[in-house]
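# Tertiary structure, described
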Amino acid sequence: MAELTDFHDAVRIPVRGIAPNPLAVPDPRRWLALTVIMVSQLLIVLDATVVNIALPTAQKALHISDANRQWALTAYALTFGGLLLLGGRVADYTGRKRAFIIGLLGFAGASALGGAAANAGMLFAARGLQGAFAAVMAPAALSLLTVTFTEPKERARAFGVFGAISGAGSAVGLLMSGLLTEYANWRWTLLIGAPIALGTAVGAARVLTESKVKGDTRYDLPGALTSTLGLVGLVYGFTKAQTDGWSSTTTIVWLLGAAVLLAVFVVIEVRSDWPLLPLRVVLDRNRGGSFLAALLAGAGILAIGLFMTYYLQTVMHFSPLMTGVAFLPLTAVLVVGAGVASAVLPRIGPRFPMVAGLLMVVLGMVLFTRIGVDTGYWARVFPAEVVMAFGMGLVFVPMSSTALIGVAEHDAGVASALINSVQQIGGSLGTALLNTIAATAAASYVVAHAVTHPPSQQVIKAGMVHSFTVGFWVSAVLIAFAAVTTVLLVRTDKNEVSAADDRPVAG
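Okay, so let's go over this structure. The numbers attached to residues start from 1 for each chain and follow its sequence in the written order. Whole-chain, interface and lining totals are the exception, using all residues; otherwise, since this is a predicted model, local features are given only for residues with pLDDT of at least 70 and side-chain atom pairs are given and counted only at 80 or more. In computing side-chain values, all of the structure's heavy atoms are included and hydrogens and water are not.

Let's shift gears to the overall build of the protein chain. Helix and strand labels come from DSSP, where a helix needs a run of H or I of at least four residues and a strand needs a run of E of at least two; each type is numbered from the N terminus. For the protein chain, the helix and strand inventory stands at 19 helices and 0 strands. At 22 Å, the protein chain has a C-alpha radius of gyration in line with the 23 Å of a compact globule built from 507 residues. Dimensions of the protein chain along its principal axes, counting C-alpha atoms only, are 80 × 50 × 45 Å. We call a residue buried when its accessible area falls under 20% of the maximum for its residue type, exposed when it is over 50%, and partly exposed in between, using a 1.4 Å probe and counting protein chains only. Taking all 507 residues of the protein chain together, the buried fraction comes to 58%. It only takes one pair of heavy atoms within 4.5 Å for two residues to be counted as in contact. Partitioning the contacts of the protein chain with sequence separation of at least 6, the portion at a separation of at least 24 is 86%. Split by element, the accessible area of the protein chain, about 19,000 Å² in all, is 69% carbon and sulfur. Atoms counted for the radius of gyration: C-alpha only. Globule rule: 2.2 Å times the number of residues to the power 0.38. Only the protein chains shown count as cover for residues, with accessible areas throughout obtained via the Shrake-Rupley method and a probe of 1.4 Å.

The following block contains the structure:
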């Protein structure tokens with residue numbers, strides 16, 4: 001369920017500090033370039049969602065355990081979010097066109113690898129590679145869009161089209177996933193990315209113009225390595241907690257190792273002359289509050305797509321296509337909520353819509369806890385989707401704007417990209433944690449209620465629904481903490497938001 005990040009891309013574009021140049025001659029191939037860049041963005045957004053609906057079928061085909069199924073989602077999100085800042089710097093200094101094409105070719109290879117996966121490890125590795133190459137491709141694409149369109153009105157139009165593609169991508173991914181899984185094979189949800197990426201790479205080689213930033217080309221590789229490995233260790237620790245228990249030596253070692261790596265990352269960033277993440281960006285009260293709220297919101301929201309996919313297909317017996325259709329109201333209502341937030345933000349500032357939106361998401365989570373083995377979609381699922389999606393729309397417009405409050409020009413790119421990164425990382429950690437909690441709750445329920453061996457299908461289904469409701473309650477708590485964080489830390493007013501939004505496109 002990548003609507004959260006897809007929508008962010010539509011409201012705050014994380015490119016790197018490039019101001020319009022009114023004297024530059026327009027590129028005669030700029031609209032062809034826009035087409036190529038749009039396809040690449042659609043590919044990134046599509047692959048963030050296209051696996052969701054296919055996951056129950058893929059899990060059965062590759063014999064993936066309930067504890068490990070979340071890796072199909074978190075492997076992509078972790079590497080994408082964890083390497084996004086490094087990917088932007090690599091693109092800037094090695095050449096944006098070159099990085100863009102390398103990202104596309106790597107993404108094509110990773111997609112083919114995932115489609116040919118013979119086991120769970122091969123699938124998860126392919127998803128991680130997709131995320132890593134997307135982390136190079138995405139900032140390169142956005143920077144290319146900025147340098148290609150030099151006239152302010154055309155640039156605004158190009159970013160509007162780009163944002164529309166970002167917003168629609170999740171819906172396309174959900175429908176495509178349902179169609180391919182139901183009428184072809186789940187493997188095509190991954191394989192379809194390979195020819196699209198290859199064709200886009202060919203187009204990019206023909207129509208894009210190279211550009212790069214002159215200056216020091218040193219990269220914070222130790223920071224990127226320790227942060228990414230620390231996050232992977234944290235997710236793996238959560239996974240081991242489901243199979244071995246929270247008190248097991250293996251779980252504790254993985255979680256402690258992850259904590260050490262993340263602590264080392266902070267030390268590296270403090271001491272580095274070229275930090276991946278300048279800590280001054282996150283230590284500001286308003287920006288820090290926005291980033292922390294985004295992390296908690298991502299952790300609480302993104303796992304819902306995993307739970308609802310399994311609920312709709314396994315409990316309610318929806319086909320993969322119908323499951324994709326069932327998620328469409330969420331995407332549509334989110335856009336409506338975003339429109340409302342955009343209208344009120346200049347008048348009242350970010351704090352109220354963020355808090356109101358987060359509380360609506362909490363209410364949506366509580367409504368989701370009312371699902372049962374025999375409840376209907378329209379009575380229980382649809383109302384919860386509508387309430388939660390509207391709240392999400394209210395939250396992420398002001399959250400993205402607050403991320404740039406008071407930031408220096410040379411840090412604007414990091415700040416803008418970071419809101420995307422923390423949402424991805426929060427979603428990865430939340431999905432892993434909530435999946436562990438849900439799987440443990442399901443096992444405990446079956447043990448407590450089974451009267452036969454093996455347990456009846458009715459008990460297994462009831463245990464599955466119970467596990468989902470437990471996950472919804474934990475998600476509600478995480479979102480409530482995000483609301484409290486916003487109340488306590490976000491103090492900016494409407495004038496500061498306007499000043500931040502008036503800065504040149506940066507990233």
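This paragraph deals with a nonpolar patch on the surface. Patches in this entry comprise residues that are over 30% relatively accessible and not in a salt bridge; like charges within 9 Å are linked, as are nonpolar side chains (Val, Leu, Ile, Met, Phe, Trp, Tyr) within 5 Å. When a carboxyl oxygen of Asp or Glu is within 4 Å of a side-chain nitrogen of Lys or Arg, the pair counts as a salt bridge. Side chains of V484, V487 and L488 sit close together on the surface and give an oily, nonpolar patch of about 230 Å² of accessible area. Of note, L488 is situated in helix α18 (residues 457-489).

Right, let's get into the environment of M38. Residue placement: M38 occurs in helix α2 (residues 30-62). Residues M38 and V381, spaced 343 residues apart in sequence, show a C-alpha to C-alpha distance of 33 Å. When residues no more than four places from it in sequence are discounted, the contact partners of M38 are V161 and I165.

A separate point is the pattern of salt bridges. This model, assessed by the stated rule, comprises 5 salt bridges. K240 is the partner of D244 in a salt bridge, and the nearest nitrogen-oxygen pair spans 3.5 Å. Within this pair, D244 and its partner K240 are both found in helix α9 (residues 221-244), separated by 4 residues, close to a single helical turn. Using a relative accessible area of 36% as the deciding quantity, one classes D244 as partly exposed. Here K240 falls in the buried class, since its relative accessible area comes to 18%.

Structurally, the position occupied by T251 is in helix α10 (residues 249-271). A distance of 3.4 Å separates a polar atom in the side chain of T251 from the backbone oxygen of K240. What qualifies as a polar contact is a pair of N or O atoms within 3.5 Å, subject to a donor-acceptor requirement within protein and to the restriction that residues adjacent in sequence count only when both atoms come from side chains. Among the polar contacts listed, one links the side chain of T251 to the side chain of S248, at a separation of 2.8 Å. What T251 contacts, discounting residues up to four positions off in sequence, is G237, K240, A241, D244, G245 and W246.

What follows deals with the nonpolar core. Judged by nonpolar contacts, the single largest core of 95 residues is most densely connected at L123, M308 and Y311. When residues of this core are assigned to their parent elements, the largest contribution, 11 residues, is made by helix α17 (residues 412-449). With residues up to four places along the chain from it excluded, the contact list for Y311 reads M316, I371, G372, T375, V381, V465 and F468. Among the nonpolar cores identified, the runner-up in size contains 36 residues, and M38, A108, F159 and L208 belong to it. Working definition of a nonpolar core: buried Ala, Val, Leu, Ile, Met, Phe, Trp, Tyr and Cys residues. They are joined through side-chain atoms within 4.5 Å.

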